[in-house]
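Per-entry structural report
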Amino acid sequence: MPAHSIRPAARLNEDLIPAALSGLIGGSGYWRAGTLAGFARTGDYLTGRTDQLPDQYRGWYWSRFIGRIGAVALRSCSFPVHADLREVLLAMLDVWAGTPFADPAALARMRTGTIELTDDGAYAARDERGAVLAVHGIGAQATGRHFVELRTGEADPPAPGDITAAEPVPTGGWGTPAQLHGLTALVRANGPAPWDRDAAVALADATGLSRAAASLLLAGIPDGSYVKWRLDAEARKTLRLKQSEADAGLRELNDLQVPARLDLLAGVLPDDPEQLWRPGGQAALAERIAEAWRTQQGTRPAVSEATLAVATEHESVRMAPAAVCTVFADPTSNAVLTRDADTRLRASTVIGHGWEGEDGFRFKELLASTCHAMPWIYAELPGGDPVREGLPEVAALLRERLAHPEMLLDTRGYSLRGWTVADLAPSFPGAQEYREAVTPLDHPTLDDGLTVIAEGGIDRRGARESPGIYFRPAQYGKDDRSQRLDSAVDCEGSYLSLVRWLRGPECRRLEERISSGALPPGSYETDPRASAPDTVAKAAADLGLDTDAATLYLQLLALPAPTDRNIRRWNDWTPARHKAAAARLLDASLVVSDRRPRAGRTTFLPGDWAAAKKPHHPMETWKADLLGAELSRDREKVLTTPTTGPLPELFARAWQSRPC
């Protein structure tokens, strides 16, 4: 280490630290001016260079970077990073290089953990054996402080309280002073390391990540919380990513928690940073990241780019498109699908009533995401696609979990804000107090064997929040208790409706259709030539059309989103062939030509039209009635996304009830 620690340049804009470290820190709190100098002051105190105590609460959980600074170094030399943010990262590395946190000998004598201070005002202690310094708290509703310890003797150094947990910091990784100074000098002299698209593809192939996620991981950007990280046009062109693909890639990586991200990227840089600028340097970097990923996360099943593109169009707000596809491509590897969750209620300091715990939250997320995905996976992926082939098994495993007698699920129904358990008790005769909680609940509850209700809290305005209303899926649908529950809270999109759909005949028929293998590999169910050839033949004969025109007519009649791009993909048509089929329908006065917002097509059925906002599709009002999509009172807006059921049946029904 140098004789004097390094301080950041005075002109540095440290307000940009949270953006520069987005995804590598657990929030932006306390990351502000003085944070980088605080690293140096902490190091000076621990090593005895100064008796001056550093300020606490400079950079929340900054000590996670000890032994893991390689993640910051990787990002600092990545080309998508904005220049102003890169300067912050380089300044942080300069400061870090002058601290004991970059010294391998010091790291071998360092540990971090949790301490209960004897006196909140005395947060450090030091003598000839070493030093212990409490640097910040450990989170809301939690007692204790996070500390850093550096030993200079054989015995433990004095501590300003009781150490309740401790572990050595990682050692032997990347980030010696020479490596840090070498990297920052290279970046300032040469700019960021050159990009290698083939390396990103190789990383995707080696891990099962999407190309978008692999590209962002290779660039050291595993998170997109801050607007600054939205890739500009030049960066997207170099990465060959559309903004929607980049967003989906970021969401794919969001499941990685901050400590896992730091561990993953801590040791992937080469011992000699100059290798990053040499031919093959990025390919070697991708190999090291792939090895680290497989060690930490395992290998995901490969999902084609075409399948991921379709998934991105139907992006769930709950799970990243690639994560949804992975569930269906390899159902048995998903722990949420294959083991029964402990969903007993427990006390919560965040919401006013109890909640079902982390297991319950994960199951709800998976249930909603998979049920919403099943219709498009069935309809819009080709026969033989591994994601499509996995649908029946996913549905069966979900039903197994729902059949567990102790499963408790949030209804996510109508809000009953202002209602109390006492108000609702008459609607649930015979109900008793809920007695299965993991931790005691300090508010009224109700349990009739199917429905569990927990009293809501009081918000900051003094109003009663909605009670928590849960149900046991294993008991749902068996007796009149289910009707009472439905009448109280059921609504479109509730978990009650998802359970009914998953257990109902429509979902079963989708599963049977896929399991039958009736759809030829590579063909789409949305192409009636493959899924309903008899209906195509009848339409062609009755209307005097050729096969192409009859196919397009049935698609316009039945499908909720027959956009030009979709039709050409499903039917394997060129634009010219598509236009020729549309022209024959126009000549037969079966369709009209027009341009309508968000339609994605220029050929429509005659009659009234209903607009729609995302995520719903605009469509002809006749078709909305056929599909069961809810319309506004004036019938000018589509309010829901319909589920179409097996498409051979839908094509036949659409043909039989077509407008004349």
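Relevant structure appears above.
Note that residues are indexed from 1 along each chain, following the sequence as it is written. Predicted model: local features are reported for residues with pLDDT of at least 70 only, side-chain atom pairs are reported and counted for 80 or more only, and whole-chain, interface and lining totals are derived from all residues. Side-chain measures here rest on the full set of heavy atoms in the structure, leaving out hydrogens and waters.

**Details of helix H6 (residues 177-190)**
When the terminal C-alpha atoms of H6 are compared, their 20 Å separation across 14 residues agrees well with the 20 Å that a helix rising 1.5 Å per residue should span. Only protein chains enter the accessibility calculation, which uses a 1.4 Å probe; a residue is then buried when its area is under 20% of its type maximum, exposed when over 50%, and partly exposed in between. The secondary structure listing takes helices from DSSP runs of H or I that are at least 4 residues long and strands from runs of E that are at least 2 residues long, numbered from the N terminus. Taken together, the buried positions of H6 are Gln-179, Leu-180, Leu-183, Thr-184, Leu-186 and Val-187. The arc that holds every buried residue of H6, seen down its axis, measures 160°, which confines them to one face. Exposed and oriented more than 90 degrees from the buried face of H6 are Ala-178 and Ala-189. Any two residues whose heavy atoms approach within 4.5 Å are treated as being in contact. On its buried side, H6 packs onto helix H3 (70-76) and helix H4 (83-97). Positioned one or two residues after H6, Gly-191 has a phi angle of 80°, which is positive. Multiply 1.5 Å by the residue count of a helix minus one, and that product is the helix's expected span. What the arc measures is the spread of directions leading from the helix axis to the C-beta atoms.

**Here's the deal with the environment of Ile-115**
Relative to the assigned elements, Ile-115 resides in strand E1 (residues 110-117). For Ile-115, a relative accessible area of 0% translates into the label buried. Separated by 45 residues in the primary sequence, Ile-115 and Pro-160 place their C-alpha atoms 8.2 Å from one another.

**Let's talk about the pattern of salt bridges**
Salt-bridge detection follows one rule: a side-chain nitrogen of Lys or Arg within 4 Å of a carboxyl oxygen of Asp or Glu. Within the structure shown, the criterion is met by 40 salt bridges. In this structure, Arg-362 engages Glu-365 in a salt bridge whose closest nitrogen and oxygen atoms are separated by 3.4 Å. Of this pair, Arg-362 and Glu-365 both sit in helix H16 (residues 357-380), separated by three residues, roughly a single helical turn. A relative accessible area of 32% places Arg-362 in the partly exposed class. A residue is classified by how much of its surface remains accessible, and Glu-365, at 18% relative accessible area, is buried. The partner of Arg-484 in a salt bridge is Asp-480, and the shortest N-O contact between them spans 3.7 Å. In this pair, Arg-484 and Asp-480 are both assigned in helix H20 (residues 480-489), four residues apart and thus about one turn of the helix distant. Of the residues examined, Arg-484 reaches a relative accessible area of 23% and is grouped as partly exposed. Given a relative accessible area of 48%, Asp-480 falls into the partly exposed group. By sharing partners, the salt bridges in this structure join Arg-111, Glu-149 and Arg-151 into a single network.

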